[in-house]
Amino acid sequence: ANITFDNVIYSSNNFSKNGYSTNISGKETIPDNKTAQFIKFDDMIEEGRKVAQRSYVVQVNSENSCIELHDYCQSICTVENMFYYRVKDDHFVLVEFSNSEAAHKLSFDPNNLAVVSPFIWFRTGKKKKLVPSSVNVSPLINISQGPTELEIIEWMTVAQSLLDEMEILYQSTKLSQLGFKLRMICARQVEMMLSGLFPNIRAFPFGSTVNSFGKEGCDLDLVLRYNFSQENSDDLRLVHHSKINGISSRGQTQRQMELLGDLLQIYVPGVIGVKRILGARVPIIKYSHEFTGVDVDISLTNMSAMYMSELLYIFAHLDPAAQRLVFSIKAWAKVVGLTNPSPGRWITNFSLTLLVLFYLQNERRLPSIDDLFKLAGPNDTRYAEEINCSFIRDLRNVRLELDHSKTTAELLLGFFNFYQNFDFNNKAISLCSAKIINKLDYSPMYIVNPLDRNLNVTKNVSLEEVERIRVEARNAAWALETSSRLVDLFRSSPESLMSKRKYISRMVMVKDLFQT
Ligand code: CTP
Ligand code: MG
C-alpha cells in the first residue's frame, strides 16, 4: 500500500511529512536525546517573532494567483518563502521576505491606513505579460484539508507495528511549521495594533503553540506584557509620568481587558467572535481569526503559565518519547470521550499531559521539577505573579541520570497499567518531587500545580470522571495486550458506542481501500 496525501507520503515502510522522513520498520526511529543541539525556549520564540516581523499574510483570489503574487513581491524585496493555504473557501499566501525593512515598503501606503496589520490582500493589477518564474511556493499546505481523522486511521491501520502507529499519529497531527508561523503572525498583529499607545507591549505565546505538545488546529494562548528593559537608568533625571505602575488590581485588569476586547472587535482585521470571559481566575478575551482559522485566548496576568509552557518544552526535549506518548494518549482520550472541547468536569489536555509526564518521571525517564530548580543558574531566575519560576533553561551540557531503555510502545502500555491501578482516592501527583504524595484536600483528582504549588491543576475533575479514566485505562491496557495495535484502543470502551460505531465504519472503508 502506498498512500500520498498533501506532502505526506506513507507506504508500508516509509513515511514523511514536512521535511521529516523516516524509515518505519518496527524499530525505534525517534532521534536520540540530543540535548547538545537544544534550542532554548526564549530563543525559539525570539526566532519565531523575527520571522513574523518580515512576514505578511496575503489574501488572493485563488491558488493560481501565487505566481503573480510572487513576482510582484519579488520585484520589491527578496521573497524567502511562500506558503499557500485555505481557510474554508478563502485563499491565502504567507509571504516571508528576506528582511523586515524592505517588507514594510511594499506592504502598504502608511498615509492611507487606519490600522496597521500583517494581513493584506492582493488587488488585481493591470494585465501585463508575466515571464513565468521558478516560484518556490512550498510546501503547498492546505490547512482546511489537512489529513482527516479517517485518513490518519487508514495510515495507522496499514502500519507494521504499534511504534509505527504512534509515529504516524504524532507526525500527521502535530502543529506544522506553517501553523506555528501563522500563530506568531496573529501575536504580531495584536502588538502592531497596540504599539502606538504602548511602545513596549509584547504578546507572548504560551500553551500548546509553543510547549512542543501542540496539535495542528490548537488554539493560540497569548499573554500581553510590557517588555521593560531590565537596566536601571538612575542617571536620567527626567522621568515620564505614568498612570500605570505595572501592578493592576483585579478590577483594573478587567477594565483593561474590556477595552482590549472592544479594540480587537472594532478595529482589527480578521478578528471575529470576540468573547469576554472576565469572571474567571485568569480573565481572558477569546476570538477567532478568520484569515488563519486560529482561535486566540488573550490574558494580561498569566506569566506563570508561560513559564509552565517552558517547563513542558524542556520535558519534551529531555525525553523524545514524551511527545509520541502524549499524542497517543490525547488521541485515545478524545476518542473514548474522556476529553471534551468545552470546559467542564472532565480532564483537560493540559492535565493529561501532566499525567503522562509524571508517569515518565516514575519510569526515571524525566527528572523531578525540584531537580530542574536545583540546576538553575544565575540567568535562570524568574518570578511571575510572585511565584518562583527559576529552573534550568539551557539543556546544553546538562548531565542527568535518565533511563531511556524502554521503547515508546512499552511505555504506552505502561501508562495504562500505571493509571488503572492508581489510588486517586487518597493520593496526589507531584511532578515537583516526582513522587506520589498524600492528597491535600478532598478533590477527586489531585495534581499539584508544578509552579504554583498551592493549586490543584485537576480541581475541576469530578469523581465520576476519575472513575471513567481508570475504567478506560483498564480497557485500553486490555485491548493493547490483546492486539498490540493503537487503532484498537479507539474501540476499547463499551460505553463509547459512538466511537465504536465510527471505528467499525472506518474499518470497513479501510478494508475496501486495501483489498482493491
Ligand atoms: N495552564 C496552567 N494551569 C492550568 C491550565 C493551564 O498553568 N490549570 C497553562 C499551561 O501552561 C497550559 C496553558 O495554560 O499549557 C494553556 O492552557 P490550555 O489552552 O487550556 O492548554 P494547552 O496546553 O494550550 O492545550 P490545548 O491544545 O488543549 O489548548
Ligand atoms: Mg491552548
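Here, every reference points to the structure presented above.
Residue numbering note: each chain is counted from 1, following its sequence as written. Written order decides the labels, with chains lettered from A and ligands numbered from 1. This being a predicted model, a pLDDT of at least 70 is required before a residue's local features are given, and a value of 80 or more before pairs of side-chain atoms are given or counted; all residues contribute to the totals for chains, interfaces and linings. The side-chain quantities take in all heavy atoms of the structure and omit both hydrogens and water.

(A) Region of interest: the coordination of the magnesium ion (ligand 2). Atoms are scored as donors when they are N, O or S and lie within 2.8 Å of the metal, with 3.2 Å used for Na, K and Ca; no water is included, so coordination may look incomplete. Looking at the magnesium ion (ligand 2), one finds its protein donor set to be Asp219 (OD) and Asp221 (OD), positioned 2.2 Å from the metal centre. Any residue under 20% of the maximum accessible area for its type is buried, any over 50% is exposed, and the rest in between are partly exposed; the area is computed with a 1.4 Å probe on protein chains only. For aspartate 219, a relative accessible area of 27% translates into the label partly exposed. The exposure class of aspartate 221 is buried, given its relative accessible area of 14%.

(B) Spatial organisation of the site of ligand 1. Here, proximity means that at least one heavy atom of the residue falls within 4 Å of the molecule or strand. Looking at ligand 1, there are 13 residues lining it, with Ser208, Asp219, Asp221, Ala305 and Met308 nearest. Within 3.5 Å is the distance limit for a polar contact, defined as a pair of N or O atoms, with the added protein rule that one can donate a hydrogen and the other accept it, and that residues adjacent in sequence qualify only through two side-chain atoms. Between an oxygen atom of ligand 1 and a side-chain N or O atom of serine 208, the distance comes to 2.7 Å. In the model, an oxygen atom of ligand 1 is placed 3.0 Å from a nitrogen or oxygen of the aspartate 221 side chain. In the complex, the protein chains occlude 73% of the 570 Å² of accessible area that ligand 1 would expose alone. Secondary structure elements are defined from DSSP: runs of H or I of at least 4 residues count as helices, runs of E of at least 2 residues count as strands, and each element is numbered from the N terminus. Listing elements by their share of the shell around ligand 1, those giving two or more residues are α8 (303-318) and α10 (349-362). Residue polarity is assigned by list, with Asp, Glu, Lys and Arg as charged and Ala, Val, Leu, Ile, Met, Phe, Trp, Tyr, Cys and Pro as nonpolar; anything else, Gly included, falls into the polar class. The residue inventory of the shell around ligand 1, partitioned by class, reads 6 nonpolar, 5 polar and 2 charged. Per-residue and other accessible areas follow the Shrake-Rupley method at a 1.4 Å probe size, with only the shown protein chains counted as cover for residues.

(C) Region of interest: the packing of helix α1 (residues 41-53) against helix α6 (residues 177-194). Between the N-to-C directions of two axes lies an angle of 0 to 180 degrees, each axis being a line fitted to C-alpha atoms and, for a helix, fitted only over the stretch in contact. Contact pair α1 / α6: the axes reach a minimum separation of 9 Å and the direction vectors enclose 75°. When the axis of α1 is compared with that of α6, the two are roughly perpendicular. For the pair α1 and α6, the contacting residues are Met44, Ile45, Gly48, Arg49, Val51, Ala52 and Gln53 in the first and Phe180, Lys181, Met184, Ile185, Arg188 and Glu191 in the second. Residue classes in the contact of α1 with α6 are distributed as 7 nonpolar, 2 polar and 4 charged. Geometric relationships in this document are graded by angle, where less than 35 degrees denotes roughly parallel, more than 145 denotes roughly antiparallel, 65 to 115 denotes roughly perpendicular, and other angles denote oblique. Pairs of residues are marked as contacts when any of their non-hydrogen atoms sit within 4.5 Å.

(D) Region of interest: the pattern of salt bridges. Criterion for a salt bridge: a side-chain nitrogen of Lys or Arg within 4 Å of a carboxyl oxygen of Asp or Glu. Scanning all chains against the criterion turns up 19 salt bridges. Between arginine 54 and glutamate 80 there is a salt bridge, and its shortest N-O distance comes to 3.1 Å. Residue arginine 54 is found in the loop between α1 and β5 (55-60), and its partner glutamate 80 is found in strand β6 (residues 79-87); the two are separated by 26 residues along the sequence. By relative accessible area, which is 15% here, arginine 54 ends up buried. For aspartate 371, the salt bridge is made with lysine 374, and the minimal N-O distance between the two is 3.7 Å. On the criterion of helical spacing, the pair formed by aspartate 371 and lysine 374 is a turn pair, its members being 3 residues apart in helix α11 (residues 369-374). Because the salt bridges share partners, they merge into one network encompassing Glu46, Arg49, Glu191 and Arg202.

(E) Broad picture of the sheet that holds strand β8 (residues 119-121). Read across the open sheet, the 4 strands follow the order β6-β7-β5-β8; overall the sheet is mixed. Taken across any chain shown, the strands that pair with only one partner, and hence form the sheet edges, are β6 and β8. When the angles between neighbouring strand axes are averaged without regard to direction, this sheet yields 30°. Whether two strands pair depends on DSSP finding at least two bridges between them.

(F) Looking closely at the environment of phenylalanine 358. Residue position: phenylalanine 358 is located in helix α10. Considered as a pair, phenylalanine 358 and tryptophan 332 are 26 residues apart in the sequence and their alpha carbons are 18 Å apart. In contact with phenylalanine 358, other than residues within four places in its own chain, are Phe418, Tyr419, Ile429, Ser430, Leu431, Ala434, Lys435 and Ile436.

(G) Main features of the state of the cysteines. Cysteine sulfur atoms that come within 2.5 Å of each other are treated as a disulfide pair. In the structure shown here, the tally under the stated rule is 0 disulfides. With no disulfide partner, cysteine 186 has as its closest neighbouring cysteine sulfur the one in cysteine 218, 11 Å distant.

(H) Spatial organisation of the nonpolar core. Side-chain atoms within 4.5 Å link the members of a nonpolar core, which is a set of buried Ala, Val, Leu, Ile, Met, Phe, Trp, Tyr and Cys residues. Of all hydrophobic cores here, the largest spans 127 residues; its most connected members are Trp332, Leu412, Phe416, Tyr419 and Leu489. In terms of residue count, the dominant contributor to this core is α8 (12 residues). The residues contacting tyrosine 419, other than those within four sequence positions of it, are Leu355, Phe358, Tyr359, Phe424, Ile429, Arg470 and Ala473.

(I) Summary view of the pairing of strand β12 (residues 284-289). Pairing of strand β11 (residues 271-277) with β12, which is carried by 5 bridges, proceeds in the antiparallel orientation. Note on β12: the bridge partner recorded for arginine 276 is isoleucine 285. In this antiparallel pair of consecutive strands, β11 and β12, the connection spans 6 residues. In this sheet, strand β13 (residues 294-299) lies alongside β12 in antiparallel orientation, the contact comprising 5 bridges. Bridge pairing in β13 places histidine 289 opposite valine 294. Count of turn residues in the β12/β13 antiparallel hairpin: 4 residues, of which glycine 293 carries a positive phi of about 75°.

(J) Quick peek at unusual backbone geometry. You will see that serine 212, though not glycine, has its phi angle at about 80°, which is positive. Tracing the backbone through its elements, the reader meets serine 212 in the loop between β9 (201-206) and β10 (220-226). Unlike most non-glycine residues, arginine 364 shows phi in positive territory, near 65°. With a relative accessible area of 56%, arginine 364 lands in the exposed category.

(K) The arrangement of the sheet that holds β12 in detail. Taken in spatial order, the 5 strands line up as β9-β10-β13-β12-β11 in an open sheet, and their pairing is mixed. The open sheet has two edge strands with one neighbour each: β9 and β11. Each strand axis lies, on average, 25° off the axis of its neighbour in the sheet, ignoring direction. Pairing of β9 with β10 involves 6 bridges; the strand directions are antiparallel. Opposite phenylalanine 206, over in β10, you have aspartate 221 as the bridge partner. With respect to the sheet, α6 is in contact with β9, β10, β12 and β13, its orientation differing from that of β10 by roughly 35°.

(L) Looking closely at the packing of aromatic side chains. Planes of paired rings set the category: under 30 degrees apart is stacked, over 60 is edge-to-face and the rest tilted, where pairs are Phe, Tyr or Trp rings (Trp by its six-membered ring) whose centres lie within 6.5 Å. Tallied over the entire structure, the rule returns 21 aromatic pairs. Aromatic side chains phenylalanine 119 and phenylalanine 291 sit 5.7 Å apart centroid to centroid with 45° between the ring planes, which places their arrangement in the tilted category. Of the two residues, phenylalanine 119 sits in strand β8 while phenylalanine 291 sits in the loop between β12 and β13, which places them 172 residues apart along the sequence. Both residues of the pair, phenylalanine 119 and phenylalanine 291, count as buried. Ring geometry for phenylalanine 198 versus tyrosine 226: centroids 6.0 Å apart, planes at 55°, classification tilted. Highlighted residues: phenylalanine 198 in the loop between α6 and β9 and tyrosine 226 in strand β10, separated in sequence by 28 residues. A ring has a charge above it when a Lys NZ or an Arg CZ is no more than 6 Å from the ring centre and no more than 35 degrees off the ring normal. The ring of phenylalanine 391 has arginine 393 sitting right over it, with the charged end atom 4.1 Å from the ring centre.

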